[in-house]
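Spelled out, the chains give:
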Amino acid sequence: MRILVFGAAHRKGSFNRKLALNAAEHLAKAFPEDTVEFVHFSDFPMPVYDGDLEEKDGLPKGAGALVEKLAQAGAVVISTPEYNGGIPGALKNAIDWISRADDNPLDKKPLLLLAASPGALGGVRSLWHTRVPFEALGAVVYPTMFGLPKASEAFDANDKLVDPKMGARLEKLVLEFRGFAAKLA
Ligand SMILES: Cc1cc2nc3c(=O)[nH]c(=O)nc-3n(C[C@H](O)[C@H](O)[C@H](O)COP(=O)(O)O)c2cc1C
């Protein structure tokens with residue numbers, strides 16, 4: 001199986017990027033026969049959705065590249081920040097562009113949602129919002145989601161989760177998700 005993994009934040013030190021990387025490493029270790037593709041959200045730049053721009057130029061290059069990556073993947077893992085209690089604008093904007101592709105790469109696609117936040121709630125409020133547009137596009141969002149609280153203290157110098165219990169919880173979840181995705185394939 002090919003699994004696409006990314007953190008839905010642009011900044012270099014993103015906690016969500018680190019959490020997504022931990023998830024990718026668990027998958028790659030447990031399923032060496034899989035292709036676990038860890039990508040950076042910032043490698044898919046795109047303007048704010050604008051119908052006139054779309055009419056003139058079609059999908060922006062970054063959105064088209066993300067559509068291609070999603071289409072190639074049998075399953076997707078995304079770790080998203082929480083902005084003001086909900087989905088960050090950049091991720092929602094990417095979803096909006098993706099929805100304009102000729103072929104919807106999210107239809108029936110197994111998707112695991114994670115979140116990381118320096119706050120006490122671990123970004124879980126954003127997860128409930130983030131499910132909605134993905135499910136509207138037909139993604140099969142895994143029922144269990146994962147919020148990492150106190151993310152600014154959660155990683156060591158090698159970007160690994162410091163708390164072994166948290167690491168074990170993440171590992172269990174991503175492996176369960178991999179099993180779920182395999183059944184849908
Ligand atoms: C515009 C904005 C809104 C935010 N709103 C929330 C919020 O509602 N809940 C929360 O836990 N953190 C919030 N934060 C803090 C983010 O969780 C924090 O910046 C986090 O590091 C972002 O994820 P990243 O590390 O992957 O970039 C907000 C940050 C920004 C910039």
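The structure this text deals with has already been given above.
This text gives an overview of the structure that appears in the document. (Residues numbered from 1 in each chain as written. Predicted model: local features only at pLDDT ≥ 70, side-chain atom pairs only at ≥ 80, totals over all residues.)

**With respect to the packing of helix H1 (residues 15–30) against helix H6 (residues 164–184)**
Orientation of H1 relative to H6, taken along the N-to-C sense of each, is 60 degrees, at an axis distance of 9 Å. It follows that H1 is oblique to H6 by the angle criterion. Pair H1 / H6 crosses with right-handed handedness. Here H1 contributes Asn22, Ala23, His26, Leu27 and Ala30 to the contact with H6, which in turn contributes Leu170, Glu171, Val174, Leu175 and Arg178. Split by residue class, the contact of H1 with H6 holds six nonpolar, two polar and two charged. (Axes fitted to C-alpha atoms, helices over the stretch in contact; angles between N-to-C directions. Helix = DSSP H or I, 4+ residues; strand = E, 2+ residues; numbered from the N terminus. Parallel < 35°, antiparallel > 145°, perpendicular 65-115°, else oblique. Left-handed = near helix turned anticlockwise from the far one by under 90°. Contact = placed C-beta atoms within 7 Å. Nonpolar A, V, L, I, M, F, W, Y, C, P; charged D, E, K, R; others polar.)

**Some remarks on the pairing of strand S4 (residues 110–116)**
A regular strand places its side chains so that they alternate between the two faces of the sheet. Burial analysis of S4 places seven of its seven residues in the buried class, which makes it a mostly covered element. By the alternation rule, side chains of S4 split into Pro110, Leu112, Leu114 and Ala116 and Leu111, Leu113 and Ala115, which are all buried. With five bridges joining them, strand S3 (residues 75–80) and S4 adopt parallel strand pairing. Across the sheet, Val77 pairs through a bridge with Leu112, a residue of S4. Strand direction decides the pairing type here: S4 and strand S5 (residues 140–141), joined by two bridges, are parallel. (Buried ≥ 20, exposed ≤ 12 C-beta atoms within 10 Å, placed from the backbone. Pairing = 2+ DSSP bridges.)

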